[in-house]
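This is what each chain is made of:
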Protein chains: 2
Amino acid sequence: MPVAVRKQVPPAALSRYTKYLAYAQALKNKGVQWVSSQDLADALELTSSTVRQDLLYLDFSGISKKGYDAAGLAGVLTETLGADVPWKMVVVGAGNLGRALILHDEILRRGYRILGVFDNDGNKIGMRIGGYEVRDMRALASVIGKNSVDIGIIAVPAQAAQEVADLMIAAGIRGILNLAMTHIVSPARVNVVDVRIMAGILELSHAIKSASTSD
Amino acid sequence: MPVAVRKQVPPAALSRYTKYLAYAQALKNKGVQWVSSQDLADALELTSSTVRQDLLYLDFSGISKKGYDAAGLAGVLTETLGADVPWKMVVVGAGNLGRALILHDEILRRGYRILGVFDNDGNKIGMRIGGYEVRDMRALASVIGKNSVDIGIIAVPAQAAQEVADLMIAAGIRGILNLAMTHIVSPARVNVVDVRIMAGILELSHAIKSASTSD
């Protein structure tokens, strides 16, 4: 089945695609064949019209009274999201967060290729994490350039994140996953996605505090 | 200076507050006294009108031609976000991600209190992570209830996340930080914030794939 994205998917819809994909894959693994927009809406606490609107961006149609074929939907979303591509990655920062990323089940399961793990701490260089030896930051640019690495994962302290990003960008990286709690400035051609760990805790604590003061 | 939130902060503004806070704190640490909405906008790649609109929700005014007092702004944002409260937390899942959270510098620095680390894996129970001994999941509910734990951190595989959340919610948790790639259903009184690690990689890979096909 040929799959093409009709037009650019808005960011909010794209963010929901990752949830639809996780849900459709879980159904497929359970052997469930059909999923309606209402099922997706109920499971993900959305409205069914949001779900239907989002899925209009895909060349994939449901069948009246049955809904969407779960495995087919998972396939189209996988292709649209690029989840079927063995992207080449580097990880900078061999602390606990970098380590957790490198050893993440999903990273292994999806077949992503980690081309190198880097740190500037002499105590970490040479250490092994999973199958990878931590290398000196000074080798980062040449590894990215020679291997046409796609994605750089930044797992360093906030104050070092921009400098690491600048090195990656100059070496030709195409996208950055930022685990540091700081904004990274990049040219338009290099997408940066923030993994908001501490920011997530702050949003929760704001919600809890607001609920307490309005009691 | 008394600080009060005028009205409910919209989610998008709240999400930017965490960025303003990080930036204002960095300025304060560098000894910079004043920051304008244009400075904030430039550093975070926003428009200055977005910044000004966002800050209207705070009872905090800038001074003409000088801007905002950086330390004061950091203080108001800290209070608004609840970043000054030593929230009580539990962590479920003593794998690499759970471990990285527990040992996260910012968790220690902000004075959050981790009341327990739990897992259902007999090989992990009894293990030590930082100062914490990993406990059996069966003790989770009583630890949350007895200590009025505020925030539950879920760092288990996707298929187990909802079950863990249900236990936390029944025991009286007030907010959940979800590191699993699955949607968690919760009652309105319990906020769930997703830390989108794999989803972040999928968003990047979609962007890279789209850029390649449009070349």
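Everything discussed here concerns the structure shown above.
All of these numbers come straight from a predicted model, not from anything done at the bench. (Residues numbered from 1 in each chain as written. Chains lettered and ligands numbered in written order. Predicted model: local features only at pLDDT ≥ 70, side-chain atom pairs only at ≥ 80, totals over all residues. Heavy atoms only, no water.)

Draft legend 1. Molecular detail of the overall build of chain A. A tally of regular secondary structure across chain A gives nine helices and nine strands. Its C-alpha atoms put chain A at 60 × 55 × 35 Å along the principal axes. Put simply, chain A has 215 residues, and 49% of those count as buried. Taking the intrachain contacts of chain A between residues at least 6 apart in sequence as the baseline, contacts between residues at least 24 apart amount to 57%. As displayed, chain A offers around 9,900 Å² of accessible surface, 50% of which is attributable to carbon and sulfur atoms. Of the side-chain charges in chain A, 23 are positive and 20 negative, and the distance between the mean point of each set is 4 Å. (Helix = DSSP H or I, 4+ residues; strand = E, 2+ residues; numbered from the N terminus. Buried < 20%, exposed > 50% of the residue type's maximum accessible area, 1.4 Å probe, protein only. Contact = heavy atoms within 4.5 Å. Areas by Shrake-Rupley, 256 points an atom, 1.4 Å probe, with all protein chains shown as cover. Lys, Arg positive; Asp, Glu negative; His and termini not counted. Charge placed at Lys NZ, Arg CZ, Asp CG, Glu CD.)

Draft legend 2. Spatial organisation of the packing of helix H1 (residues 11-30) of chain B against helix H2 (residues 37-44) of chain B. Residue and element names in this part refer to chain B. Direction vectors running N to C along H1 and H2 enclose 105°, while the axes themselves pass 11 Å from each other. Classified by the angle between their axes, H1 and H2 sit roughly perpendicular to one another. Contacts between H1 and H2 pair Lys19, Tyr20 and Tyr23 from the former with Asp39, Leu40, Ala43 and Leu44 from the latter. Across the contact of H1 with H2, the residue classes break down as five nonpolar, no polar and two charged. (Axes fitted to C-alpha atoms, helices over the stretch in contact; angles between N-to-C directions. Parallel < 35°, antiparallel > 145°, perpendicular 65-115°, else oblique. Nonpolar A, V, L, I, M, F, W, Y, C, P; charged D, E, K, R; others polar.)

Draft legend 3. Representation of the side chain of Asp119(A) in the model. All names here are of chain A. Structurally, the position occupied by Asp119 is in strand S4 (residues 113-119). Buried within the structure, Asp119 lacks any salt-bridge partner; its nearest side chain of opposite charge belongs to Lys124, at an N-O separation of 4.2 Å. Other than its neighbours up to four places away in sequence, Asp119 contacts Gly93, Ala94, Gly95, Lys124, Ile125, Val134, Arg135, Asp136 and Met137. (Salt bridge = Lys/Arg side-chain N within 4 Å of Asp/Glu carboxyl O.)

Draft legend 4. Molecular detail of helix H4 (residues 70-81) of chain A. All names here are of chain A. Taking 1.5 Å per residue as the helical rise, H4 with its 12 residues ought to reach 16 Å, and the 16 Å between its terminal C-alpha atoms agrees with that figure. Most of H4 sits inside the fold, with nine of its 12 residues counted as buried. Within H4 the residues assigned to the buried category are Ala70, Gly72, Leu73, Ala74, Val76, Leu77, Thr78, Thr80 and Leu81. Just downstream of H4, Gly82 is the residue with a positive phi angle, here 75°. (Expected span 1.5 Å × (residues − 1).)

Draft legend 5. Just the packing of helix H1 (residues 11-30) of chain A against H4(A), in detail. Residues and elements named next belong to chain A. Across the interface, H1 lies against H4 with an axial gap of 8 Å and an inter-helix angle of 140°. On the basis of the axis angle, H1 is oblique to H4. For the pair H1 and H4, the crossing hand works out as left-handed. Together, Leu14, Tyr17, Thr18, Tyr20, Leu21, Ala24, Gln25, Leu27 and Lys28 of H1 and Ala70, Ala71, Leu73, Ala74, Leu77, Thr78, Thr80 and Leu81 of H4 make up the contact between the two elements. Considering only residue class, the contact of H1 with H4 consists of 12 nonpolar, four polar and one charged. (Left-handed = near helix turned anticlockwise from the far one by under 90°.)

Draft legend 6. Up close: the relation of the copies chain A and chain B. Under the fitted operation, chain A is carried onto chain B by 0.0 Å of movement along the axis and a turn of 180°, and the coordinates agree to an RMSD of 0.0 Å. The transformation relating the two chain copies, once decomposed into turn and shift, fits a two-fold axis. Most of the interface of chain A is mirrored in chain B: 100% of its interface residues are interface residues there too. (Least-squares fit on C-alpha atoms with pLDDT ≥ 70 in both.)

Draft legend 7. Expanded view of the interface of chain A and chain B. If you look at the interface, chain A gives 61 residues, while chain B gives 61 residues. Buried area between chain A and chain B, both sides added, is near 5,400 Å², and the carbon and sulfur share of it is 68%. Together, Leu204(A), His206(A) and Ile208(A) form the three largest contributors to the area buried by chain A at its contact with chain B, with a combined 12%. Ionic pairing is found between Lys209(B) and Asp84(A), a salt bridge with its closest N-O pair at 3.5 Å. One can count 24 residue pairs in polar contact (both at pLDDT 80 or more) joining chain A with chain B. Put simply, the parts of the chain that give the side of chain A that touches chain B at least two residues each are H1, helix H2 (37-44), H4, helix H5 (96-102), helix H6 (105-109), strand S8 (175-178), strand S9 (191-194) and helix H9 (197-213) of chain A. (Buried area = accessible area lost by both parts, 1.4 Å probe. Polar contact = N/O pair within 3.5 Å; in protein donor to acceptor, adjacent residues only side chain to side chain.)

Draft legend 8. The sheet that holds S9(A), seen in detail. All names here are of chain A. Pairing in this open sheet of seven strands is mixed, and the strands run S5-S6-S4-S3-S7-S8-S9 from one edge to the other. Each edge of the open sheet is held by one strand with a lone partner, namely strand S5 (128-129) and S9. Of the pairings in the sheet, the one linking strand S3 (residues 88-92) to S4 comprises five bridges and is parallel in character. The residue of S4 that forms the bridge with Val90 is Gly116. In this fold helix H8 (residues 158-170) packs onto S3, strand S7 (151-154) and S8, with an angle of close to 165° to the strand it touches most, S7. (Pairing = 2+ DSSP bridges.)

Draft legend 9. Geometry of the pairing of strand S4 (residues 113-119) of chain B. Residue and element names in this part refer to chain B. Taken across its seven residues, S4 has five buried, putting it largely inside the fold. In this structure, S4 lies alongside strand S6 (residues 132-136), joined through three bridges in parallel fashion. Bridged to Asp119 within S6 is Asp136.

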